[in-house]
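Chain by chain, the residues run as shown.
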Amino acid sequence: MASKLFAYRPGLDGIRGYSMVVFMLWHVGVLTFLPGAWILMNVFFILSAFLITRLLLAEQREFGWISVREFYRRRVRRLAPALLVMVGSVTLDGWAFAPAAERTYLRGDILATLTYVMNWRLVLRDDQYFEEFTHPSITRHAWSLSVEEQFYLVVPLLIIAALTYAHRRSARAAGFVFLALASAAWASTIDLDSPGGQAHAYYGTDVRMQALALGVAAGVWTGHRGRGGGLLRARDRRDPLDAGDRRLEILGWVGLVATLTGIALIEPLSDWMFTRGGMLLTSLAGLAWIIGCAQRVPTPLVRLHANRLAVHTGKISYGLYLYHWPIYLWLVRAFGHGHVIPLAVATLVLSYAAADASYRWLEKPVIKRGVRAFGGRRAGGAGAVGLVGVLVAALAIPAGASTAAHEVSAPQYPQ
């Protein structure tokens, strides 16, 4: 249904593709000279919220209502298959191969990942994203999925409320801008001098909400025909993103340059990023970049992002994000930290192969047809049994050592 409600824009997948490659290279230690690569996570948050909002508004215009139940069903179809593969693989590794030290928090981490509360689990144990632990959590990267899904529990309800009680575009978007500002103001009160405060500032949904809310506000603003309350039809020719407005391309270039500057210069947990609105400002830069690439007109900026490799990498970026971190940790366990470049190459090759296969033969079929893609009701039953099996196996993973997982080596950029 998505392609029917909102025309495909390859430049947005290009943003995902480029950003995902930077993230992976940063995580495996190749791009540690770029201290601010962590701000790209907010670009993912904004882009996801923007697209979901445009789809929900188009659904409202096309059918006269937004089905919250259908929204959640689509989220499950999109996220669950690859997540179960990753978690199942990690569970099997925990049983068969992981040393005791790596099993310390594994059971809880797997359950927190499956229930989308991994970010708060990391906050509660004062996890430091910008330090490399001797045995970091193999599902630590699932924190960002938790942030998104916690926010998306309420997003359709908030959008329905905005459409019901506000009657002009500006008023509808203003509510989400206020939410972003409130999140930024709240972030400024967090004590960054304590490990718990640092973990909260990085992983907290209440802090990251400023990026997600900006994405929703942008989706609301661009999803209207004009200043009034009229919504765009599905694939409406009056979409402001499709008018070939030169100003939007300039805005996109400014956002791209500002984001690249931030990646090169912003240090991890810089005080001003949280206490003086820096995260909000860098999120605005990311939003500008996204708006510039969201045009269907093949501007130079769009063409830069719409090449085949970047677009395909963007399409499989969810799988890349899920699989690359466990694959990297398994390779490190097998071969050690000593050879950064060979480890990085092996991680990228194996992750790309796994993500591509996952997208082609698992994720895409389920998105289109649900479990019917693999045999109807029996496949659904098999999926439920598989989920229960993963949960039971995770709960039965033998306990590990109690302290080794928090032995800290020399500080590194994550993960």
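Model, not experiment: these values are computed from the prediction.

This next bit is on the confidence of the model for the protein chain. Summary statistics for the protein chain give a mean pLDDT of 89 and a share of 89% for residues scoring 70 or more. This stretch, residues 403-415, has a pLDDT under 50; its non-local contacts, to residues over four places away or in other chains, come to 37 contacts.

Here we take up the packing of helix H10 (residues 195-203) against helix H11 (residues 205-222). Contact geometry of H10 with H11 gives a least axis separation of 5 Å together with a crossing angle of 30 degrees. One element, H10, and the other, H11, form an angle in the roughly parallel class. Of the residues in H11, those in contact with His200, Ala201, Tyr202 and Tyr203 of H10 are Thr205, Asp206, Val207 and Arg208. Per-class residue counts for the contact of H10 with H11 are four nonpolar, two polar and two charged.

All right, on to the nonpolar core then. Residues Leu12, Trp38, Phe50, Leu83, Trp143 and Ile159 are the most contacted members of the largest nonpolar core, which totals 105 residues. A per-element tally of this core places helix H3 (residues 40-63) first, with 13 residues. When neighbours within four sequence positions are excluded, Ile159 is seen to be in contact with Thr53, Leu56, Leu57, Ile66, Phe176 and Val216.

Tallied over the full model, the rule gives 17 salt bridges. A salt bridge links Asp109 to Arg121; the nearest nitrogen and oxygen atoms lie 2.5 Å apart. Placement of Asp109 in helix H5 (residues 106-114) and of Arg121 in helix H6 (residues 118-124) is noted, with a sequence separation of twelve residues between them. By relative accessible area, which is 3% here, Asp109 ends up buried. One salt-bridge network, in which partners are shared between bridges, spans Arg9, Arg54, Asp239, Asp242 and Arg296.

Turning our eyes to something else, we now look at the environment of Glu149. Position of Glu149 relative to the elements: it lies in helix H7 (residues 143-152). Note on Glu149: relative accessible area 12%, which makes it buried. C-alpha separation for the pair Glu149 and Tyr72, spaced 77 residues apart in sequence, amounts to 9.8 Å. Contacts of Glu149, omitting those with residues within four sequence positions, involve Arg75, Leu79 and Tyr116.

Considering all chains together, one arrives at twelve aromatic pairs under this definition. Residues Phe45 and Trp143 carry aromatic rings whose centres are separated by 6.2 Å and whose planes lie at 85 degrees to one another, so their mutual orientation is edge-to-face. Note that Phe45 is positioned in helix H3 and Trp143 in helix H7, a separation of 98 residues in sequence. By the burial criterion, Phe45 is buried, and Trp143 matches it. Taking the centre distance of 6.0 Å and the plane angle of 55 degrees together, the rings of Phe151 and Tyr152 count as tilted. Note on Tyr152: relative accessible area 1%, which makes it buried. Grouping aromatic residues by their ring pairs yields a cluster made of Trp38, Phe45, Trp143, Tyr202, Tyr203 and Phe274.

This brings us to the environment of Met24. As for its position among the elements, Met24 is in helix H2 (residues 10-27). Classification of Met24 as buried rests on a relative accessible area of 2%. For Met24 and Ala344, which are 320 residues apart along the polypeptide, the C-alpha to C-alpha distance reads 8.4 Å. Residue contacts for Met24: discarding those within four places in its chain leaves Leu320, His324 and Leu348.

So, on to a nonpolar patch on the surface. Together, Val340, Ile341, Val345 and Val349 make up an exposed nonpolar region whose accessible area comes to about 340 Å². Secondary-structure assignment places Val345 in helix H18 (residues 340-369).

With that settled, the discussion passes to the environment of Val123. As for its placement among the helices and strands, Val123 is situated in helix H6. On a C-alpha basis, the gap between Val123 and Pro195 in space is 9.1 Å, while along the polypeptide they are 72 residues apart. In contact with Val123, not counting residues within four places along its chain, are Ala199, His200, Tyr203 and Gly204.

Let us look at the side chain of Glu363. Inspection of the secondary structure assignment puts Glu363 in helix H18. Only 3.0 Å separates the side chain of Glu363 from the side chain of Arg78, close enough to count as a polar contact. Residues contacting Glu363, with those up to four places away along its chain left out, are Arg78, Ala82, Tyr318, Gly319, Ala355 and Ser358.

What counts and how
Once a new chain begins, its residue numbering starts again from 1 and follows that chain's sequence as written. Reporting in this predicted model follows two pLDDT cut-offs: at least 70 for local features of residues, and 80 or more for side-chain atom pairs to be given and counted; totals over whole chains, interfaces and linings ignore these cut-offs and use all residues. Values reported for side chains reflect all heavy atoms of the structure, with hydrogen atoms and water molecules removed beforehand. Within a predicted model, pLDDT stands for the predictor's per-residue confidence, ranging from 0 to 100. Only heavy atoms matter for contacts: two residues are in contact if any of them lie within 4.5 Å across the pair. Between N-to-C directions, angles cover 0 to 180 degrees, with each direction set by a line fitted to C-alpha atoms, over the stretch in contact for helices. Helix and strand assignments follow DSSP, with helices taken as H or I runs no shorter than four residues and strands as E runs no shorter than two, numbered in order from the N terminus. Working definition: roughly parallel below 35 degrees, roughly antiparallel above 145 degrees, roughly perpendicular at 65 to 115 degrees, and oblique for all remaining angles. Each residue receives one of three labels: charged for Asp, Glu, Lys and Arg, nonpolar for Ala, Val, Leu, Ile, Met, Phe, Trp, Tyr, Cys and Pro, and polar for the others, Gly being one of them. Joining through side-chain atoms within 4.5 Å is the link that ties buried Ala, Val, Leu, Ile, Met, Phe, Trp, Tyr and Cys residues into a set, and such a set is a nonpolar core. Burial status follows relative accessibility: with a 1.4 Å probe on protein chains alone, a residue under 20% of its type maximum counts as buried, one over 50% as exposed, and anything between as partly exposed. We count a salt bridge whenever a side-chain nitrogen from Lys or Arg sits within 4 Å of a carboxyl oxygen from Asp or Glu. Any two of the Phe, Tyr and Trp rings considered here, Trp counted by its six-membered ring, make a pair once their centres fall within 6.5 Å; the pair's planes then place it as stacked at under 30 degrees, edge-to-face at over 60, or tilted in between. Excluding any residue in a salt bridge, patches collect residues exceeding 30% relative accessible area, merging like charges within 9 Å and nonpolar Val, Leu, Ile, Met, Phe, Trp and Tyr side chains within 5 Å. The Shrake-Rupley method, run with a 1.4 Å probe, gives the accessible areas here. Residue values count only the displayed protein chains as cover. Side-chain atoms alone can form a polar contact between residues adjacent in sequence; in general such a contact is a pair of N or O atoms within 3.5 Å, and within protein one must be able to donate a hydrogen while the other accepts it.

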